[in-house]
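Architecture and fold: a report
Listed here are the chains, written in short residue letters.
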Protein chains: 2
Amino acid sequence: MSEKRLFHSVAEQISDLIDEGVFPLGTRLPGERELAERFGVSRVTIREAEIALQAVGKIQIKTGSGVYVSEELPKDPGQLPDVSAFELTEARSMIESEAAALAAKVISDEALDDLQELVSQMSAANDDAATSADHAFHMTIAKASGNKAIVHTIETLWRMREELPKVKKTYGSVCEEDAESRMREHQLILDALKAHNPDDARNAMRAHFFRLISAMLDATEQEALREVQQRASESRERFLTNANLG
Amino acid sequence: MSEKRLFHSVAEQISDLIDEGVFPLGTRLPGERELAERFGVSRVTIREAEIALQAVGKIQIKTGSGVYVSEELPKDPGQLPDVSAFELTEARSMIESEAAALAAKVISDEALDDLQELVSQMSAANDDAATSADHAFHMTIAKASGNKAIVHTIETLWRMREELPKVKKTYGSVCEEDAESRMREHQLILDALKAHNPDDARNAMRAHFFRLISAMLDATEQEALREVQQRASESRERFLTNANLG
DNA sequence: TTTGGTAATTTGGTCGACAAATGGAGTATT
DNA sequence: AATACTCCATTTGTCGACCAAATTACCAAA
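Computed from a prediction, not measured in an experiment: that's the story for all the values here.

All names here are of chain A. A rise of 1.5 Å per residue sets the reference length of helix 5 (residues 109–121), with its 13 residues, at 18 Å; its end C-alpha atoms lie 19 Å apart and thus fit the reference within 8%. Turning to helix 5, its buried residues number three or more, namely A111, L112, L115, L118 and V119. Relative to the axis of helix 5, the buried residues are bounded by an arc of 120° and lie together on one face. Seen from the open side of helix 5, the exposed residues pointing more than 90 degrees away from its buried face are D109, E110 and D113. Contact partners of the buried residues in helix 5: helix 6 (127–144) and helix 9 (179–194).

Attention now moves to the sheet that holds strand 3 (residues 66–69) of chain A. Residues and elements named next belong to chain A. Within the open sheet, the 3 strands sit side by side as 1-3-2. Their pairing is antiparallel. Among the strands making up the open sheet, the edge pair consists of strand 1 (28–29) and strand 2 (59–62). In this structure, strand 2 lies alongside strand 3, joined through 4 bridges in antiparallel fashion. Residue I61 lies in a different strand from strand 3, and its bridge partner there is V67.

All names here are of chain A. Together, D109, E110, D113, D114 and E117 line one region of the surface with negative charge. On the secondary structure map, E110 appears in helix 5. Taking the relative accessible area as the measure of exposure, E110 reaches 55% and is therefore exposed.

We now examine the protein's contact with DNA strand C. Taken together, 22 residues sit near DNA strand C, with R5(A), L6(A), T45(A), E32(B) and R33(B) positioned nearest. Within 4 Å of the protein, the contacting atoms of DNA strand C are 68% sugar and phosphate, with bases supplying the remainder. With respect to DNA strand C, the backbone of L6(A) contributes an N or O atom lying 2.3 Å from a phosphate oxygen. At 3.4 Å from a base oxygen of DNA strand C is found a side-chain nitrogen or oxygen belonging to R33(B). With 3 residues, the top contributor of residues to the surface near DNA strand C is helix 3 (residues 43–56) of chain A. The residue makeup of the surface near DNA strand C, split by class, is 4 nonpolar, 10 polar and 8 charged.

A separate point is the pattern of salt bridges. Close approach of charged atoms allows side chains of opposite charge to pair. All names here are of chain B. Tallied over the full model, the rule gives 26 salt bridges over all chains. Here E32 ties to R43 by a salt bridge, and the two come within 3.0 Å at their closest N and O atoms. Of this pair, E32 sits in helix 2 (residues 32–39) while R43 sits in helix 3 (residues 43–56), placing them 11 residues apart in sequence. The exposure class of R43 is partly exposed, given its relative accessible area of 33%. Notably, a salt bridge pairs E96 with R92, separated by 3.0 Å at the nearest N-O pair. Taken as a pair, E96 and R92 lie in helix 4 (residues 85–106) at a separation of 4 residues, close to a single helical turn. With a relative accessible area of 2%, R92 lands in the buried category.

Analysis parameters
- Every chain is numbered on its own, with residues counted from 1 as its sequence reads.
- To read the labels, note that chains go from A and ligands from 1, taken in the order they are written.
- Totals for whole chains, interfaces and linings use every residue, but because this is a predicted model, local features are given only for residues with pLDDT of at least 70 and side-chain atom pairs only at 80 or more, for both listing and counting.
- Each side-chain value is worked out from all heavy atoms of the structure, with water and hydrogens disregarded.
- Secondary structure elements follow DSSP: runs of H or I of four or more residues count as helices, runs of E of two or more count as strands, with numbering from the N terminus.
- How far a helix is expected to stretch is found by multiplying one less than its residue total by 1.5 Å.
- Think of it in three bands: with a 1.4 Å probe and only protein chains considered, a residue is buried below 20% of the maximum accessible area for its type, exposed above 50%, and partly exposed in between.
- Directions pointing from the helix axis toward each C-beta atom define the arc.
- Any two residues whose heavy atoms approach within 4.5 Å at even a single point are treated as in contact.
- When DSSP finds at least two bridges between two strands, those strands are taken to pair.
- Patch membership is restricted to residues that have no salt bridge and whose relative accessible area is over 30%. Joining uses 9 Å for like charges and 5 Å for the nonpolar side chains Val, Leu, Ile, Met, Phe, Trp and Tyr.
- For the area figures, the Shrake-Rupley method with a 1.4 Å probe applies, and any residue is considered shielded solely by the protein chains shown.
- Salt bridges are defined as contacts in which a side-chain nitrogen from Lys or Arg sits within 4 Å of a carboxyl oxygen from Asp or Glu.
- The convention is simple: Lys and Arg are positive, Asp and Glu are negative, and His and the chain ends are not counted.
- A charge is said to be at NZ when it belongs to Lys, at CZ for Arg, at CG for Asp and at CD for Glu.
- Here a residue counts as near a molecule or strand whenever at least one of its heavy atoms sits within 4 Å of it.
- We call two N or O atoms a polar contact when they sit within 3.5 Å, provided that within protein one can donate a hydrogen and the other can accept it, with sequence-adjacent residues counted only if both atoms are side-chain atoms.
- Any residue that is not Ala, Val, Leu, Ile, Met, Phe, Trp, Tyr, Cys, Pro, Asp, Glu, Lys or Arg is counted as polar, Gly included; the first ten are nonpolar and the last four charged.

Structure, rendered in structure tokens:
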């Protein structure tokens, strides 16, 4: 547990003191010499720790004045929030349905061909390959919307699906057994896109997520069920009605 | 242009050398003493620069062995894409309208009071304060949706509005002259939320962005107009129809 | 050929000193 | 009395020298 570098240990201790409120936000913390004496290290080490802390945005160093605790703790921009699989799917249903409607109007023939190929790949026995094709399918539609803000948003939502352990687990338990229905739904979405029909595309996408949430609500393991038990009643009603066909 | 801290300058130079390929990826770069001599600074400064570079993930320091250039350059997940103000507003219209519809069903009285207070603040002469209230207004609605994925998404979209120079400029040129209409639109949104009417809330939010896009299309300066001229015809038709009332 | 230890190299840390910048106290001026 | 200026104590910034710890390479002995 011991940090290899001394300043790492010092930086962690200072960071803890800030979190504990010993060094309140916005205040000036003791000078290098006092901190050096308190931690039993040299001034250089203190400054190295402060540099590392500043790189994270936790403190601000003002030459000749002192170092100050940042007002608001840095909300790491790349940090993903702790969302549940249900929240994520609700958001995806909202956003990707509209993205599909947008894409239906302007999607190119090349993109349509790519999507058809991806739907074929989803029937592959390999589960990873199917998930990969799923990812590519949704991202292709997002790109076809022609809106980079939407693309970035859907990319971030997909990162939540893949990088948040709980969400990944929930999705994994649902997807594996519904391979054929998933492929059929994607084909329906693709058909609507081929027809350049925005409303059909939106509804097909909503239906896709509707089934996904239904499957999640049914298939989620006991502990996950208990975890959302207090929210289950209103959640079920709410998510289903929201994701349902217009 | 000179960095306040010496190690900042050194870190930037080293970073540039890495990007230029002088220090190829994965290789070990010269020792502290040699770098110190080459840049004309002390070893401490070199170490501080390396610590800062390591905090960004660009290099890796191995005690007793040397410092090595990281294999793959870190793809900053918090990096914002280069979106236009029109794309951003289209995405916001899509997402925030649905968020408002969600919020209308479950928003609390406390949140409604906060929103009313924020609408009042928008009439303040101070333009910064009005923008700040605008931000708080939209984020309060996002939070009222009860979906952390949606909150995160709208937060990110707002970051684009404030951190992308072009977008910030376009928004700034539109907002300043439409203070009263902006306040009126926000009041309409709030009224729909108070009535707990999802459809009205969605339509009021869409109308808000509809006017915003209209104002942007009209008020954008000559050069910006020329910049999007080739896309203007289809853009105008497309954005207006998409953002228009259902 | 393998193994073990030793030496050279490199980073890690400390100390003392001095330079530069900041902020406030004190003073002079109006 | 209010204001502007100067001076100085405090704090961070940088440096060089010295020693410690870790890694690596080399070389000799079994």
